[in-house]
Structures are given as structure tokens and as C-alpha cells.
Amino acid sequence: MRTAARVTAAAVLAATLAAATACAAGPEPGDRAGGVAPAPPAAASPSGPASAPASASPAVVPAALSFTGKTLDGTAFDAAALAGRPVVLWFWAPWCATCASQAWTVAEIAPTYRDTVPIVGVAGLGEQKAMKSFVTEFDLGGTTQIDDRAGALWRRFKVAEQSTFVVLDRTGRVVHQGFLDGEALTRQVETLARG
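Reading the values: the criteria
Residues numbered from 1 in each chain as written. Predicted model: local features only at pLDDT ≥ 70, side-chain atom pairs only at ≥ 80, totals over all residues. Heavy atoms only, no water. Core = buried A, V, L, I, M, F, W, Y, C linked by side-chain atoms within 4.5 Å. Buried < 20%, exposed > 50% of the residue type's maximum accessible area, 1.4 Å probe, protein only. Helix = DSSP H or I, 4+ residues; strand = E, 2+ residues; numbered from the N terminus. Contact = heavy atoms within 4.5 Å. Phe/Tyr/Trp six-rings, centres within 6.5 Å; stacked < 30°, edge-to-face > 60°. Axes fitted to C-alpha atoms, helices over the stretch in contact; angles between N-to-C directions. Parallel < 35°, antiparallel > 145°, perpendicular 65-115°, else oblique. Nonpolar A, V, L, I, M, F, W, Y, C, P; charged D, E, K, R; others polar.

(A) Expanded view of the nonpolar core. Counting residues in each nonpolar core, the largest one holds 29 residues, and the members touching the most others are Trp-90, Trp-92, Phe-134 and Leu-140. Elements that contribute at least two residues to this core include exactly strand E4 (87-92), helix H2 (97-113), strand E5 (119-123), helix H3 (128-137), strand E7 (164-168) and helix H5 (182-194). In terms of residue count, the dominant contributor to this core is H2 (8 residues). In this structure, Trp-92 is in contact with Leu-72, Cys-99, Gly-121, Val-122, Ala-123, Gly-124, Met-131, Phe-134, Val-135, Gln-145, Trp-154 and Gln-162, ignoring residues within four places of it in sequence. Residues Val-61, Leu-65, Phe-77 and Trp-154 belong to the second largest nonpolar core, which totals 21 residues.

Pasting the structure below:
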């Protein structure tokens, strides 16, 4: 009887270790700096900012949020962590006067809606130093800013000009793509937060 219990315990331990090893495997490193790579199909990390309660099932990651990249400060970014929430992607360039006027609105509303409707900047069409200066000048440091100098996200979302907002609903469907002034952006985010 004891031998059977030991064999069963050993089998359970071996299966647990095999499963843990399989979960730990991931994509090989090698993405070029500043580029955006497709994310592996997975739910948000349990320890990440978008984690769900243990009893809730993880949000399905829509194709629109299946990418990874680096922020302007060099931090790894995985859009899958945003799954299940509406998201605003703001495509901007550091030399763009329209982007500068919209930056004040983004800086004002982004902290309020950080957990319900995240606004993520996608910086492109410029040098990293200028992008970082733009973020500092307009007090955007508390808002995620993706370094997209290579233009991968701009191409992925078919953004042809700055300043463009791509607004995704909680299922990842694009509900708006184009220009939004400060008032329209605020209304759009408020509406998404309500519902």
C-alpha cells in the first residue's frame, strides 16, 4: 500500500515538473531594438498589472493586442496585459505641433483612466532623444510610451500620419481611427470607461 502511494506521489511530482517546465518555455530572444514583435498567444501574466482575480478566467488576447515592444525608457512592453479593457493607442511624433497640443489632454486624462481605459503612446517618426524630450516637456512620464522608431506598429495599424488615435473596445475591435481633439478624446475615453 505504501509503495503504491509513493509511486503515485512520484508520478504526480514528475507530471507537475514537466508541466512547469513546459510553461516556462517561451520565444527565443533576438528581436531588434526598438522593434515590435508579435506576442506569443497567452493571457496576461498573473503578476502583471492587468491580472484578473484567481476565480475569473483570463481575458482572451485579441489580435490587435498581440504584440510586444520596448518603451522609450527601455522597459519591455506586452500589449496582451491590456486584454479585456478598452485601449487608446496614440500615434505621435516629437516634432508634430498637433501632437503637442493633444499631449496636454493625454497627460491630464490618462492617470484618471489608467486602470479602465489605458492610453498608450506610440512614438515614431523621430529620434529617441527628441521623443524623450517630448515626454518630459508634456509631463507624459506616467503614461506608457512605446518606442516605435522602426514603424512596426504604425504599419500594423495602417497609420499614415500623426497625430492618430486608434481606439479599441474591450474585445480589441477598432471603434475609431483618426484625429481626435482634446474634447472628443475625453468624451471617447469617458464613454469607454462607462461601458
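(B) Region of the structure containing the packing of aromatic side chains. Here the structure, examined in full by the defined rule, presents 10 aromatic pairs. When the centroid spacing of 6.4 Å and the interplanar angle of 50° are considered together, the rings of Trp-90 and Phe-134 count as tilted. Taken together, the residues Trp-90 in strand E4 and Phe-134 in helix H3 connect sequence positions 44 residues apart. Like Trp-90, the residue Phe-134 is buried in the burial classification. Ring centres 4.8 Å apart and planes at 50° place the aromatic pair Phe-134 and Phe-138 in the tilted group. You'll find Phe-134 and Phe-138 in the same group, each marked buried. Site record: aromatic cluster; members linked through ring pairs are Trp-90, Trp-92, Trp-104, Phe-134, Phe-138 and Phe-165.

(C) Structural detail: the side chain of Thr-105. Locating Thr-105 in the fold gives a position in helix H2. By relative accessible area, Thr-105 is classed as buried at 17%.

(D) Region of the structure containing the packing of H2 against H5. Running from N to C, H2 and H5 point in directions that differ by 10°, and their axes come no closer than 10 Å. Between H2 and H5, the angle is such that the two are roughly parallel. Between H2 and H5, the contacting residues are Thr-105, Val-106, Ile-109 and Tyr-113 on the first element and Gly-182, Leu-185, Thr-186, Val-189, Glu-190 and Ala-193 on the second. Here the residues of the contact of H2 with H5 are counted per class, giving 6 nonpolar, 3 polar and 1 charged.

Function cannot be inferred from these measures alone, as they are strictly geometric.
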